[in-house]
Amino acid sequence: MWFILTPHSWRRWVLLVLAAQLSLCQRAYISQLNPTFIGDSVGLQLTVLGVGLQTEDMTPRIRIGDTACPSTSWVSSSSIICMAPMGAPGGLSNLAVQATVTDQYTTQTRFVVQSQVALSYLAPVITASAPTNGPDATLLVTLQGIEFGHVDGTLRVSVGSTACQSTQWVSSSAAVCKRSATNFKAIPLALTVLQNTFTMEQAFTADTHVINNILPGNSRLRGGLFTTIFGAGFGTVDLSPTVRVVQPDQTIDCTATQWQSDSSMVCMLPQGNGLGLGIEVEVRTSGGGANATAVQSLKVFSYDIAQLTDLGPRNIPLVGSTITFLGINFGTFQEASIRAARVGDTACGEGGSADWVSDSAIRCRTPLGFSEGLNAVLTVNRIERLLKRSLSYNTATISSVRPTNGPASGITDITVTGVAFGSFQLTPALRITDMICKSTRWVSDTSILCSLPTVPPQPFYPGGPMHVGGLVSRYVMNLTSSFTYDRNCIGPCISGLSCLKTVNGKTCDLSPRGDMRHSLNAKALTYDSLIEGQDTAVMRILGNFSVSNGDLTAGNATVNTTKFVTESFADVTVVVGGLFNCELAGGSMQSYLDCYMPPGVGDNYEINVSVRNASFRALELGCAAVGGINCIQPGGRNLTTAANVGVSFSYSMPQVTSVSPSHVPNQQNLNTLVTIFGSNFGSLRALEVYDAACAGSTLRACKKLYANDVVVYPKLCTKVNFMTTAGITGAGVESEIVLRKLAFCDSDGSYALKGLNTSILSDALCTERCSFSYQKCGRNCPTNMLLTYISPYGGYQVVTVVQGGQSSNGTVSLVYDTPNVYEIFPPELPVGGSSVITVLGRNFGVQLGEYYLGENRILSPGVYDSFQAPIERDALLVWVVAGLQVCWSTVLLSDVSAANVTYIPVRHPCDLSTTTLSQIINFDFGTAEDGTVLEQIRVYLPSVVVPANATYSSAGIANPQYVSVGLNLLKETSATVLQNSTLAFKAACNMRGDQFIRWYLGLDGITVVTTRANATLIAYPSLNAMFILGGTTNALSQTNNIYVSYFTGIGMWRELLPSRTSPWFDARNKPAACVHRDLMFIMGGSAILSGSTTLFNDVWVYAVVDTVANAYKMAGTTITTPDTGWEAIWVQVTAAAPWAPRAQPICTSFGDQIFLFGGVKQGNLATGFQSTEIWTSYDGKTWNMTGSAPWKNRNDLFVWKHGDDRLFAMGSVQSQFYGTWYSYDGVRWLVPANSCPLVYVDVQAAVYYGGYSLVFTAGCHDNSNSKERAVSCSSTMSGPYQMENRVYYTQDETTLPWKLALRSFSWNDGLNQLVWERIPWSAYTDNRVTVQGEYRWDYSVEVFEDSLYVFGGQTKKASRDLTTGAVQHDPDGSIRFLTEYANDIWISKGLLPMDRVCLEKTQFTQSQIYASMISQNCPTNRGAGNNY
């Protein structure tokens, strides 16, 4: 609404306004502020008190300084509240406060009221900072406190005097500062908010600088190399730090120091020395030296250690000289005081001082001395360095002798010159050869005087120049051929020999052919197409033998007599060794004589020179003057010299160049003819000349003529000893050498193998020179060839030829063929137990002790023939073990296929460091059925072990992994394997649960043994043999053939033909046979003659030696020994024993008696009932009936020894119903408490083997379940129950009833079940698997060594196609069967406990295995259809 003012009203309004304003100005003011200090810590609310601050709320405004409060609340005319502006800079003081209010009378009028009291904001305060310390490098610091303001950018922070590079406001109570580097250790922090600053003293401490590492930590002694010091706190800028090397006695600044960063600096190292020195670093602050700080790190630096590399010279004179040590880090010239040197324990120069040459060379003056192998020691900086045994004083050496000859009287001094005789008196000692100087005087380092020793006159002048030598200190010196005595061989004497081959002028070495100009070679020169002068053998004897016209002086060089003699040249004769006449050829008798040697052999013969000269009688005075020495007495005297006085004669030793053949077989009883080529084989030619004179002579030279033969030894034998008896003649020597099989190698202390018949064979090489013997041209015997027989031995042997006792020195070798194994049987062995295996092959050598030394390893081991081995026992025993060895190893043979395990030989040498030698039980040889000569070894293996990582199947080890048997011939007398042949074979695995049995084909038909049944198979352990007696063949109802094998039944069978010296027992079936006290007896039996049965009650013994034959022969019987020597025969003990004749009797050796059980007597032939009589005999000749057995009306009976302390018996009371008895004395029989009979089977044989009694049967079994019970056979061949061969077992009478031995099995993936295999010998044909319905009966079972043997019998087997082997069938579809006799041999290792499940793959479970192995029980119901 608008009002219209009149002039009057307008003036009135103006007056009113002015009045109101004037009234207000007079009364409104601010009298108090509450509080007068504000801030975040106490709050920002401000109360303004005063007068005239409006009477009502008309929106007053408050301004603090230049900033208005963001909010104002009017309270009353005397009070207004405002919130101070947050953006107000903290720390401002004395700020004016004014209020703008509205006039109470005129609402449009506003005016300002000024406070009379000032207002201040609180100043900032720092309460804490973090971190409080840190490195000198840039670091963020957080500040905490109050009144830091409310906006960023209004505050500043400084560290010390340096502002932070940047400051970030966080809140009114926190800020962050990025500080600059500093070197101060205690630094204040200052916070400034505009004009207000708050300082916190020592709020931050900079880290102290440290040294962490120095690289490199060493330096050469002269310095000048750079090293880097690593650490922290060295400054973020270059503050001119200083680095010093702290040595034990001073601290040296680096030549230059360069700062690189806060953590590294580089120093140029000063010159110095020492190990484990400290490094000091001093870092200055920006404030100058007053703020410098230093830190030291100890034992962190070293100067290089002196290294001594060489020395020169290494040989120095005894008077001393200068030597130079060579190496590095020897220091500088100024450091000479820290160096010293010494030689051995003596210091160089004065006090050990050494002269510095350079950093790599130091010289010193060596002291006087003598020694060798001294240490050269150099000390640098208190550290010793040495070259061990690097320095020696010169060895004393003689360079000349003056004069070079002197009288034998020794009245002259000689001067010996040389070097290193010593710089002072070292008490030298000189000698002339072996004669010590009368006195020795040291003159200087280069000169010694010797007063000559006197040489006694000698008949055998030692000859030639002599050696001068001796000792200086411990040094030996010698100058050969440097001095000669005046000749003291004056008068008849021998001084030496001179030939084409002479050793030191003491012996000759001439051809055994002799000189062709010798009279004994006249016929050879005439008839042997030789040219005169072709063979020369001239011996020159040095000495004095003058007998021609001229003066002869007798005596020696000092005392002698001279006389003119006139005797002729023929008065001198020369005989060598007392046998060989050396015919004179001429010579200068006052210095030598020459003679032609005859044919001969041998060495070290004495030389006998005979001089018969009557004129020597005038020389008696000269002889007397020297005590008769060197003089031939009047009337003539022989001069004799031999090896013991230094002069002797030897013929050239034999030389071997080759042998043919160079490879020979190594088979028992097989000697190989060998031709040896070479030279100097002169014995045959010499014997042509001297045999008549020497055969009965004991002269050494004569005996040597016969000391000839060939020797083989694993290495060169330089001296062979034929071990001949002392005192025998030449012919006796020859005889003993021929009879001995061995020689002794004296040079090696062991026996060597000698050739056979060498002299006889080689003598045949000689040829008659003329057509007729009456012409007496003699024979031409070669000297380059010998013949000999080489016996089995083995290995690589060096051939040595001995002629006249001299051994050749060549190294021509003779190599024996390597052993080869053809077959090992059985091919599988039970794991974990011992076993006996038979190894067949060739080149097995021989048992050396038995073959050559007469040792009987069974009866008298270690006892040897004293004639064959007369030398010390130790040498003998070493030689004996060098023969055949068999090793057993669990080598895994990866190169043998599983399909060809048994018959593929592989060569894997047995390492004797990881294998064991096995005991050889028997070693023999023989001829196989195909005529091949084979050798056999039967070996005892203590334990068969399979490697832990082998895997298994029921058939054996599956991967395959094999054990191997090797035949080793040991080289020399050590255990070094020289030759080896290995045949792999599988180890049978053990199974879990009941027992099972495996069989192996030993021989697929014996060639010499016709097929037969009902034969007696018996082992004869003392002969290591098996015998087959009698039996029924397809053509004969009974036979009396006797066959024997010494190859444990798997080979080498031969028939013993009837002997002309003894009757042969009648042909018969199943006689009783047993071995008692190492004698084999047979008795009783039956034969069908002319359609009727004949029974026997005779007793026979097998007489291996004549003493047995004579002891057992019947009265009136004559035993004749054939001209060829004794041969084993059958001797009849009695034609009619007191027990009645009977068929199928049983005999066994038990205790100390032979027991005869059962047998079918004449009256029981129709029923077949066995007799109950029990007969016993101690010797097989005298019999007594000792009781009656409890079994009655048994039509089949078996009695056998179970272990060593009891007998078992089994008989059938009716067909296929067998009871069991046992006895501890053979007379009183008991029925086992838990025994139940075997039913539905026919027992074929029973034996004890491997801790079990085994019963072999033929019968039918229900194989459709795991118990496999015996059942009645099916009525037709198509039925499920067909005849088969099985084995039952029991451990003793307490473990009955009889348990059925399980067969081998395999897992069939298609059927997903176990497949059990039939016993392979049921009807074995050409290695094909048997089929249902095939079985065998009337076979023989025996135990020998540790194996079971099954032989012969009749078989029912399926007819098979000859080409494909397929089973043939009849038109109705049934299998066509044939009945045949057999002559094969099967072997088993008996029952194997199934205590280990053998798995090739994890294809069948434990439950499947157990289901097939449930033990059979003996049911109480014995009715039909049950197993018992």
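For clarity, every value in this text was computed on a predicted model and none was experimentally measured. Every chain is numbered on its own, with residues counted from 1 as its sequence reads. It should be noted that, the model being predicted, local features are given only for residues of pLDDT at least 70 and side-chain atom pairs only at 80 or more, the latter also being counted only at that level, while totals for whole chains, interfaces and linings use all residues. Note that the side-chain values use all heavy atoms of the structure and ignore hydrogens as well as water.

A.B. asks: Just checking my understanding: could you explain the overall build of the chain for this structure?
C.D. replies: For helices the rule is a DSSP run of H or I covering at least 4 residues; for strands it is a run of E covering at least 2, with both sets numbered from the N terminus onward. Within the chain one finds 11 helices and 116 strands. The contact rule is simple, with two residues in contact once any of their heavy atoms fall within 4.5 Å. Partitioning the contacts of the chain with sequence separation of at least 6, the portion at a separation of at least 24 is 63%. Residue burial considers only the protein chains on display, and all accessible areas are found by Shrake-Rupley using a 1.4 Å probe. Counting every atom, the chain has about 61,100 Å² of accessible surface; 52% of that belongs to carbon and sulfur.

A.B. asks: For this particular structure, what's the right way to read the environment of R63?
C.D. replies: One can find R63 in strand β4 (residues 61–64). Separated by 36 residues in sequence, R63 and A99 have C-alpha atoms that sit 6.5 Å apart. If near-sequence neighbours (up to four positions away) are discounted, R63 is found in contact with A68, C69, A96, V97 and Q98.

A.B. asks: Where do I start with the sheet that holds strand β88 (residues 1025–1029) in this structure?
C.D. replies: Note: strands within a sheet are paired through backbone hydrogen bonds, in either parallel or antiparallel orientation. One requirement defines pairing of two strands: DSSP has to find at least two bridges between them. The strand order β87-β88-β89-β90 describes an open sheet built from 4 strands, whose pairing is antiparallel. The open sheet has two free edges, formed respectively by β87 (1016–1020) and β90 (1054–1055), since each of these has just one partner strand. Pairing analysis gives 5 bridges linking β87 to β88, with the strands arranged antiparallel. Bridged to L1017 within β88 is I1028.

A.B. asks: I'm lost on the nonpolar core in this one. Help?
C.D. replies: In summary, soluble globular proteins display a tendency toward joint burial of nonpolar side chains. What makes a nonpolar core is a set of buried Ala, Val, Leu, Ile, Met, Phe, Trp, Tyr and Cys residues whose side-chain atoms join them at distances within 4.5 Å. Type-normalised accessible area, obtained with a 1.4 Å probe on protein chains alone, sets the label of each residue: buried when under 20%, exposed when over 50%, and partly exposed for intermediate values. Of all hydrophobic cores here, the largest spans 46 residues; its most connected members are M539, F580, M597, F649 and L705. Beyond its immediate sequence surroundings of up to four residues, F649 is in contact with T507, C508, L510, M539, V576, M597, D603, N604, Y605 and I607.

A.B. asks: How should I be thinking about the pairing of strand β79 (residues 933–941) in this particular structure?
C.D. replies: Taking burial as the measure, the 9 residues of β79 include 7 buried ones, the bulk of the element. Relative to β79, strand β74 (residues 835–842) is paired through 7 bridges, and the arrangement is antiparallel. Within β79, the position partnered with G841 by the bridge is E935.

A.B. asks: Hey, could you run me through the packing of aromatic side chains in this one?
C.D. replies: Two numbers describe a pair of aromatic rings. These are the distance of the centres and the angle of the planes. Only Phe, Tyr and Trp rings take part, Trp by its six-membered ring, and two of them pair if their centres are within 6.5 Å. Stacked means planes under 30 degrees apart, edge-to-face means over 60, and tilted covers everything else. Taken as a whole, this structure holds 26 aromatic pairs when the rule is applied. Judged by centre distance (6.0 Å) and plane angle (65 degrees), the rings of W999 and F1256 are edge-to-face. Of the two residues, W999 is situated in the loop between β85 (995–997) and β86 (1000–1003) and F1256 in strand β106 (residues 1252–1261); the sequence distance between them amounts to 257 residues. Each of the two residues, W999 as well as F1256, counts as buried. Relative to F1208, the ring of W1200 has its centre 5.9 Å away and its plane inclined at 55 degrees; by these criteria the two rings are tilted. The exposure classification of W1200 matches that of F1208, with both residues buried. Taken together through their ring pairs, the aromatic side chains of F1150, F1155, F1157, W1191, W1221 and W1229 make up a single cluster. Of note, R1068 hangs over the ring of F1096, and the distance from its end group to the ring centre comes to 4.1 Å. Note on criteria: charge over ring means Lys NZ or Arg CZ within 6 Å of the ring centre, with the direction from the centre no more than 35 degrees off the ring normal. Its guanidinium or amino end placed over the ring of F1377, K1356 lies 4.9 Å from that ring's centre, counting from NZ or CZ.

A.B. asks: Where do I start with a nonpolar patch on the surface in this structure?
C.D. replies: Patch building starts from residues that exceed 30% relative accessible area and form no salt bridge, then joins like charges within 9 Å and nonpolar side chains (Val, Leu, Ile, Met, Phe, Trp, Tyr) within 5 Å. We count a salt bridge whenever a side-chain nitrogen from Lys or Arg sits within 4 Å of a carboxyl oxygen from Asp or Glu. Among the surface-exposed residues, V319, L368 and F424 lie close enough to one another that they form a single nonpolar patch of about 250 Å² accessible area. Inspection of the secondary structure puts L368 in the loop between β35 (361–365) and β36 (374–380).

A.B. asks: Got a minute to help me understand the state of the cysteines in this structure?
C.D. replies: Simply put, the disulfide is a covalent bond whose two ends are the sulfur atoms of two cysteines. Criterion for a disulfide: a pair of cysteine sulfur atoms within 2.5 Å. Under the counting rule described, the total for this entry stands at 12 disulfides. For C164, the disulfide goes to C177, at an S-S distance of 1.5 Å. Across the disulfide from C164 to C177, rotation about the S-S bond amounts to roughly -85 degrees, and the bridge is consequently left-handed. Taken as a pair, C164 in the loop between β15 (162–163) and β16 (166–171) and C177 in strand β17 (residues 174–179) lie far apart in primary sequence, 13 residues in all. By relative accessible area, which is 10% here, C164 ends up buried. A residue is classified by how much of its surface remains accessible, and C177, at 1% relative accessible area, is buried. Paired through a disulfide, C717 and C745 show a sulfur-sulfur distance of 2.2 Å. Around the S-S axis, the bridge from C717 to C745 shows a dihedral of about 125 degrees and counts as right-handed. Of this pair, C717 sits in the loop between β62 (709–713) and β63 (720–721) while C745 sits in strand β64 (residues 742–745), and the two are 28 residues apart along the sequence. This pair shows no difference in class: C717 is buried, exactly as C745 is.

A.B. asks: It is not clear to me how helix α4 (residues 683–694) should be interpreted in this structure. Could you clarify?
C.D. replies: Helical geometry: 3.6 residues make up each α-helical turn, so side chains three or four residues apart lie on a common side. A helix is expected to span 1.5 Å for every residue after the first. For α4, spanning 12 residues, the distance from its first C-alpha to its last is only 13 Å, which falls clearly below the expected 16 Å at 1.5 Å a residue. Within α4, burial applies to S683, L684, R685, A686, L687, Y690 and C694. At its buried positions, α4 is contacted by β54 (580–586), α5 (700–705), α6 (730–739), α7 (758–763), β67 (779–780) and β69 (796–803).

A.B. asks: Would you take a moment to explain the sheet that holds strand β7 (residues 79–83) for this structure?
C.D. replies: Strand order in the open sheet made by the 4 strands is β1-β3-β7-β6, with antiparallel pairing throughout. Edge strands, defined here as strands with exactly one partner in the open sheet, are β1 (29–34) and β6 (71–76). Adjacent strand axes in the sheet meet at a mean angle of 25 degrees, parallel and antiparallel pairs treated alike. When strand β3 (residues 45–51) meets β7, the two strands line up antiparallel, connected through 5 bridges. What sits directly across from T47, in β7, is I81. Orientation is described by lines fitted to C-alpha atoms, with helices fitted over the stretch in contact, and by angles between N-to-C directions that extend from 0 to 180 degrees.

A.B. asks: Please clarify how the pattern of salt bridges should be interpreted in this entry.
C.D. replies: Side-chain pairs of opposite charge can arise whenever the charged atoms involved come near each other. The final tally for this structure, using the stated rule, is 29 salt bridges. A salt bridge links R244 to E280, with the nearest nitrogen and oxygen atoms 2.7 Å apart. Taken as a pair, R244 in strand β23 (residues 242–246) and E280 in strand β27 (residues 277–285) lie far apart in primary sequence, 36 residues in all. With a relative accessible area of 15%, R244 lands in the buried category. The shortest N-O distance in the salt bridge between E688 and R779 comes to 2.8 Å. With E688 in helix α4 and R779 in strand β67, this residue pair connects regions lying 91 residues apart in the sequence. When salt bridges that share partners are traced, they join R244, D253, E280 and E282 into one network.

A.B. asks: Hey, could you run me through unusual backbone geometry in this one?
C.D. replies: Where the residue is not glycine, phi is negative for most of them; where a peptide bond is considered, it is trans in most cases. Omega for the bond connecting G312 with P313 falls within 30 degrees of zero, at -10 degrees, which places this linkage in the cis form. Note on placement: P313 falls in the loop between β29 (307–312) and β30 (315–316). A positive phi angle is found at N604, which is not glycine, with a value near 55 degrees. Mapped onto the secondary structure, N604 falls in the loop between β55 (592–596) and β56 (607–611).

A.B. asks: Quick question: what am I supposed to make of the side chain of S79 here?
C.D. replies: Within the fold, S79 resides in strand β7. Judged by its relative accessible area of 10%, S79 is buried. Apart from the residues lying within four places of it in its own chain, the contact partners of S79 are T47, V48, L49, L53 and W74.

A.B. asks: Would you mind going over the pairing of β3 with me for this structure?
C.D. replies: Within a regular strand, side chains alternate between the sheet's two faces. Relative to β3, β1 runs antiparallel, the two sharing 5 bridges. Across the sheet, residue I30 finds its bridge partner in β3, namely G50.

A.B. asks: In this structure, what is going on with the environment of S747? I would like to understand it.
C.D. replies: By the secondary structure assignment, S747 is in the loop between β64 and β65 (750–754). Residues S747 and C717, spaced 30 residues apart in sequence, show a C-alpha to C-alpha distance of 6.1 Å. S747 has contacts with L716, C717, T718 and K719, leaving out every residue within four places of it along the chain. We define a polar contact as two N or O atoms separated by no more than 3.5 Å, with the added condition that, inside protein, one atom must be a possible hydrogen donor and the other a possible acceptor, whereas residues neighbouring each other in sequence contribute only through side-chain atom pairs. Of the polar contacts made by the side chain of S747, one reaches the backbone nitrogen of T718; its length is 3.1 Å.

A.B. asks: Any chance you could explain the environment of I81 here in plain terms?
C.D. replies: Take I81: it is sitting in strand β7. Here the alpha-carbon distance between I81 and P60, two residues 21 residues apart in the chain, equals 9.9 Å. Look past the residues within four positions of I81 in its chain and what remains in contact with it is Q45, L46, T47, S71, T72, S73 and V75.

A.B. asks: Explanation requested: α6 in the structure shown.
C.D. replies: Looking at α6, one finds that the buried residues are G730, G732, V733, E736 and I737. Along α6, the residues classed as buried sweep out an arc of 155 degrees about the axis, all on the same side. Buried residues along α6 sit in contact with α4, α5, β62 and β65. In this description, one arc is meant: the one made by directions from the helix axis to the C-beta atoms.

A.B. asks: Looking at this structure, I do not really get the confidence of the model for the chain. What am I missing?
C.D. replies: Low-pLDDT portions of the prediction should not be read for the details of their coordinates. A residue's pLDDT is the confidence the predictor assigns to it, expressed on a 0 to 100 scale. Residues with a pLDDT of 70 or more make up 73% of the chain, whose mean pLDDT is 77. Contacts for the low-pLDDT stretch residues 986–993, under 50 throughout, to residues beyond four places or in other chains number 52 contacts.

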